[in-house]
Amino acid sequence: MQVARLGTVSAAAEALGVHRATVLRHIDELEAELGVRLFQRSARGYLPTEAGEDLLRVAGAADEQFGQFASRARGRTEQLSGDFIVTSLEPLALALLPALKVFQARHPKLRVRFLASDKLFRLEYGEAHVAIRTGSRPDQPDNVVQPFVVQKMGLYAHAGYIERMGKPATTGDLVRHHFVGPDFFRSIVPHHNWMQENVPESNVVFRSNSPRVLQEAILGGIGIGFLFEQEALGHSELRQIFPPREEWNVVNWLVTHG
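Below is a summary of the structure that appears in this document.

### Some remarks on the overall build of the protein chain
Within the protein chain, the secondary structure is distributed over 9 helices and 12 strands. Burial analysis of the protein chain (258 residues in total) assigns 47% to the buried set. Counted over contacts in the protein chain with a minimum sequence separation of 6, partners at least 24 positions apart contribute 69%. Carbon and sulfur atoms provide 51% of the accessible area of the protein chain, an area that totals close to 13,300 Å².

### Notes on the sheet that holds strand β5 (residues 130–134)
Taken together, the 5 strands give an open sheet; going across it, the order is β4-β3-β5-β12-β6, and neighbouring strands pair in mixed fashion. Of all the strands in the sheet, just β4 (110–116) and β6 (143–151) have a single pairing partner and so form its edges. Ignoring strand direction, the axes of neighbouring strands in this sheet form an average angle of 20 degrees. Across the sheet, helix α5 (residues 90–106) touches β3 (82–88), β4, β5, β6 and β12 (250–257), and the angle it forms with β4 is around 175 degrees.

### So, the nonpolar core
Among the nonpolar cores identified, the biggest contains 19 residues, and Leu155, Phe179, Ile224, Phe226, Ile241 and Trp248 are the most heavily contacted of them. Looking at which element gives the most residues to this core, the answer is strand β7 (residues 153–158), with 3 residues. Each residue touching phenylalanine 179, except ones within four places of it in the same chain, is listed here: Leu155, Leu174, Met195, Val199, Asn203, Val204, Val205, Phe206, Gly223 and Ile224. The next biggest cluster of nonpolar side chains, apart from the first, holds 12 residues, and it includes Phe84, Leu96, Phe103 and Val149.

### As for the sheet that holds β7
An order of β10-β7-β11 is seen for the 3 strands of this open sheet, with the pairing classed as antiparallel. In this open sheet, the two strands that pair with only one neighbour each are β10 (225–228) and β11 (238–242). Ignoring strand direction, the axes of neighbouring strands in this sheet form an average angle of 55 degrees. Relative to β10, β7 runs antiparallel, the two being bridged by 4 bridges. Bridging from a neighbouring strand, methionine 153 pairs with phenylalanine 228 of β10.

### Observations regarding the pattern of salt bridges
Inspection of the entire model under this criterion finds 5 salt bridges. In this structure, the salt-bridge partner of arginine 111 is aspartate 83, at a minimum N-O distance of 2.5 Å. Residue arginine 111 is located in strand β4, and its partner aspartate 83 is located in strand β3; the two are separated by 28 residues in the primary sequence. Exposure remark for arginine 111: the relative accessible area of 51% places this residue in the exposed category. Aspartate 83 sits in the partly exposed class, given a relative accessible area of 27%. A salt bridge links aspartate 83 to arginine 113; the nearest nitrogen and oxygen atoms lie 3.6 Å apart. One end of the pair, aspartate 83, is in strand β3; the other, arginine 113, is in strand β4, and 30 residues separate them in sequence. Connected through salt bridges with shared partners, the residues Asp83, Arg111 and Arg113 form a single ionic network.

### Some words on the pairing of β12
Burial analysis of β12 places 6 of its 8 residues in the buried class, the great majority of the element. Across 5 bridges, β5 lies against β12 in antiparallel orientation. For alanine 131, the partnering residue across the bridge sits in β12 and is valine 255. Relative to β12, β6 runs antiparallel, the two sharing 7 bridges. Residue pairing for β12: valine 144 is matched across the bridge by threonine 256.

Conventions and cut-offs
- Residues numbered from 1 in each chain as written.
- Predicted model: local features only at pLDDT ≥ 70, side-chain atom pairs only at ≥ 80, totals over all residues.
- Heavy atoms only, no water.
- Helix = DSSP H or I, 4+ residues; strand = E, 2+ residues; numbered from the N terminus.
- Buried < 20%, exposed > 50% of the residue type's maximum accessible area, 1.4 Å probe, protein only.
- Contact = heavy atoms within 4.5 Å.
- Areas by Shrake-Rupley, 256 points an atom, 1.4 Å probe, with all protein chains shown as cover.
- Pairing = 2+ DSSP bridges.
- Axes fitted to C-alpha atoms, helices over the stretch in contact; angles between N-to-C directions.
- Core = buried A, V, L, I, M, F, W, Y, C linked by side-chain atoms within 4.5 Å.
- Salt bridge = Lys/Arg side-chain N within 4 Å of Asp/Glu carboxyl O.

If you want it as structure tokens, here you go:
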């Protein structure tokens, strides 16, 4: 986040109190983990790519909300220590890593535990301190709910698939195509439900409960499927079938126990 805000690796390293090489290593590791280029490097400095801007919005929102949690927690204890448990669905995990790294560095006595899972951890029982929830606004009593980030979702296929099967031009054309989809039929995620309503079940030729496996299946040319727009930007071999639609947006909420 500091590189995007300050524009150079040297300035970010000075602000963070680390060596320039450490900042460069973290950028390389994060780009490798996400599979996208986050910065355009030039003689004038580092400019965020579109994917980098998306990540900055997610990480910035998380950093702000984690800071608010810390402020409330300091009212109960002088120094934060012990486990700090954060949970979200797996697709958000890598985007949250930068904010979690900064938060842990600010509170070195904390041990961060990140639980990427479909399980609904109950904050009131101490199963997690912060939860990123997806879908409709959570309404559990005694929880503090704040808007987090909205992620855009598009429909994509590998160039090899398009060459082999053609590119659908309308929703009606989808009946002649193969699809990659989740291993369940109803979901809190709107684009999954859209697929069920618009694509014959027999056309979904590959299913998985893992977002990473689904992404690799799309990249492998098995069929058409949904990807986050910022993820797809990192793969030049992908072709957009339909651009993101508002009805496919993935809405996320940050929840803490009041």
